[in-house]
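# Observations on the three-dimensional arrangement
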Amino acid sequence: MTPRGVLRRVAYPVLLLLVVGTGTAVVLLGWPPSVVSPLFLLGVVGYFTVLERVIPFNPDWHPNAHEWGWYGAYFILTAMGAGVAQFVVTLVVGVVAPLDPSWPVWAEIPAALLLGSLGSYIMHRLGHTNRFLWRFHGVHHVPDKVNVGNNGVNHIFDIVMAQGVVQLSLALAGFSADSVLVVGMFVTAQGYFTHANVDVRIGRFNHVLASPEQHRLHHSNNPEESGHYGSDLAIWDHLFRSYTWVPGRTPRAIGLFDPMSFPRTESFVASLLHPIRPRRRVENRGGGPRP
């Protein structure tokens, strides 16, 4: 097997080992989450940035220097949105007492993952099927390529709403901070993995875990190819009949169904203001709403 072939096989297991190793260090060794979380995020982004150059799925999807600049600006907004969501959740939990399941960590982590993943799936699907929510989420579907950089291309309020619901559900269920942190690291790693422009395939695990193979179809500009609202687990797409991937299936092209329905990614201010602008015509809605 060639070095490229070996790398294609080990790239995803290495990522999962990174999640497990870091999570174990936080839970058992007491590593500070405030330090671990940002370093873990930067490590994941750096890991896939390198892999995209070594084992790219489509070399034409590499961001140029100009695109990296805009992606960085959106990344900052995405981080701000996550912070706002966490702040709101903290306020709500301070008023509404959370449940206290008192489970061991080994049971909490899979339970928190399932609950958080379901909440994320529901919010993501609503972002495509609800006309109002699509005005925010559609910003993410404007780029005509899928790579680790444009995973962070989001409207700040899309992040606030989506992550707010997920974090609130976990907080009110009473899961421990350790289990929520570990689940959060896995979800973060999966989010960047599914967007990574890497030639990595996970075979039958596609029916359990989300992957780039599935998520490229989600970003397709062909509604018959789209689906796959799960960004971490694939089980909800199977359960709710939004699973469209079969081995070897790749998107015809990436982007909005109607490219004129949203400002371009580089139109930063226009993208932020797009949701509150009057609807002058009936939109085809570009990447959604989708069934």
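Values in this document were obtained by computation on a predicted structure and should not be read as measured data. (Residues numbered from 1 in each chain as written. Predicted model: local features only at pLDDT ≥ 70, side-chain atom pairs only at ≥ 80, totals over all residues. Heavy atoms only, no water.)

On a plain count of helices and strands, the protein chain comes out with 10 helices and 0 strands. When its helices and strands are written in sequence order, the protein chain yields α-α-α-α-α-α-α-α-α-α. In the protein chain, buried positions account for 49% of the 291 residues. Relative to all contacts within the protein chain whose residues are 6 or more apart in sequence, the contacts with residues 24 or more apart total 76%. (Helix = DSSP H or I, 4+ residues; strand = E, 2+ residues; numbered from the N terminus. Buried < 20%, exposed > 50% of the residue type's maximum accessible area, 1.4 Å probe, protein only. Contact = heavy atoms within 4.5 Å.)

Below, the discussion takes up the packing of helix 4 (residues 105–129) against helix 6 (residues 156–172). Packing of helix 4 against helix 6 leaves a shortest axis separation of 9 Å and a crossing angle of 150°. In terms of their interaxial angle, helix 4 and helix 6 are classed as roughly antiparallel. The chirality of how helix 4 crosses helix 6 is right-handed. Of the residues in helix 6, those touching helix 4 at Ala 112, Leu 115, Gly 116, Gly 119, Ser 120 and Met 123 are Met 161, Ala 162, Val 165, Val 166, Ser 169 and Leu 170. Its residues assigned to classes, the contact of helix 4 with helix 6 shows 8 nonpolar, 4 polar and no charged. (Axes fitted to C-alpha atoms, helices over the stretch in contact; angles between N-to-C directions. Parallel < 35°, antiparallel > 145°, perpendicular 65-115°, else oblique. Left-handed = near helix turned anticlockwise from the far one by under 90°. Nonpolar A, V, L, I, M, F, W, Y, C, P; charged D, E, K, R; others polar.)

With 95% of its residues at a pLDDT of 70 or more, the protein chain has an overall mean of 90. The lowest-confidence element of the protein chain is helix 3 (residues 65–95), averaging 90 in pLDDT; the highest-confidence one is helix 9 (residues 235–239), averaging 97. Long-range and interchain partners of residues 281–287, a stretch whose pLDDT sits below 50, account for 19 contacts in this model, where long-range means more than four residues apart. (pLDDT = per-residue confidence, 0-100.)

Before going further, it helps to spend a moment on a nonpolar patch on the surface. Taken together, the side chains of Val 84, Phe 87, Val 88, Leu 91, Val 92, Val 95 and Val 96 make up a nonpolar region of the molecular surface, amounting to roughly 610 Å² of accessible area. Secondary-structure assignment places Val 96 in the loop between helix 3 and helix 4. (Patch = residues over 30% accessible without salt bridge, like charges linked within 9 Å, V, L, I, M, F, W, Y side chains within 5 Å. Areas by Shrake-Rupley, 256 points an atom, 1.4 Å probe, with all protein chains shown as cover. Salt bridge = Lys/Arg side-chain N within 4 Å of Asp/Glu carboxyl O.)

A rise of 1.5 Å per residue sets the reference length of helix 3, with its 31 residues, at 45 Å; its end C-alpha atoms lie 46 Å apart and thus fit the reference within 8%. Glu 67, Tyr 71, Tyr 74, Leu 77, Thr 78, Gly 81, Ala 85 and Val 89 are the residues of helix 3 that are buried. Buried-residue contacts for helix 3 involve helix 6 and helix 10 (268–273). (Expected span 1.5 Å × (residues − 1).)

Examined against the element boundaries, His 137 turns out to sit in helix 5 (residues 131–137). For His 137, a relative accessible area of 7% puts it in the buried group. With residues near it in sequence (within four places) discarded, His 137 still touches His 124, Gly 127, His 128 and Asp 158.

We now examine unusual backbone geometry. Phi at His 228 takes a positive value of approximately 55°, unusual for a residue other than glycine. You can see His 228 is positioned in the loop between helix 8 (212–218) and helix 9.

Moving on, we get to the packing of aromatic side chains. A complete count under the given rule lists 13 aromatic pairs for this structure. Look at Phe 57 and Trp 61: their rings are 5.5 Å apart centre to centre, the planes differ by 45°, and that puts the pair in the tilted class. Geometrically, the ring pair formed by Trp 70 and Phe 268 is stacked, given 6.0 Å between the ring centres and 25° between the ring planes. In this pair, Trp 70 is assigned in helix 3 and Phe 268 in helix 10, connecting sequence segments 198 residues apart. The class for Trp 70 is partly exposed, based on a relative accessible area of 26%. Among the aromatic residues, those joined into a cluster by ring pairs are Tyr 12, Tyr 47, Phe 48 and Phe 193. Positioned over the ring face of Phe 57 is Arg 216, at 3.8 Å from the centre of the ring. (Phe/Tyr/Trp six-rings, centres within 6.5 Å; stacked < 30°, edge-to-face > 60°. Lys NZ or Arg CZ within 6 Å of the ring centre and 35° of its normal.)

So, about the nonpolar core. In this structure, Tyr 12, Leu 15, Phe 48, Phe 193 and Val 200 are the most contacted members of the largest nonpolar core, which totals 36 residues. If you list the elements that add at least two residues to this core, you get helix 1 (3–29), helix 2 (33–54), helix 4, helix 6 and helix 7 (177–195). Phe 193 has contacts with Tyr 12, Leu 15, Phe 48, Val 200, Ile 202, Ala 210, Ser 211 and Pro 212, leaving out every residue within four places of it along the chain. With 12 residues, the next largest nonpolar core counts Tyr 74, Trp 134, Val 139 and Val 160 among its residues. (Core = buried A, V, L, I, M, F, W, Y, C linked by side-chain atoms within 4.5 Å.)

Okay, the pattern of salt bridges next. Taken as a whole and assessed by the stated rule, the structure comprises 4 salt bridges. Between Arg 4 and Asp 199 there is a salt bridge; the shortest N-O distance is 3.5 Å. Of the two residues, Arg 4 sits in helix 1 while Asp 199 sits in the loop between helix 7 and helix 8, which places them 195 residues apart along the sequence. The partly exposed category is assigned to Arg 4, whose relative accessible area is 36%. One salt bridge connects Arg 8 with Asp 199, and the closest N-O pair in it is separated by 3.7 Å. Here the residue Arg 8 occupies a position in helix 1, and Asp 199 occupies one in the loop between helix 7 and helix 8, the gap between them amounting to 191 residues.

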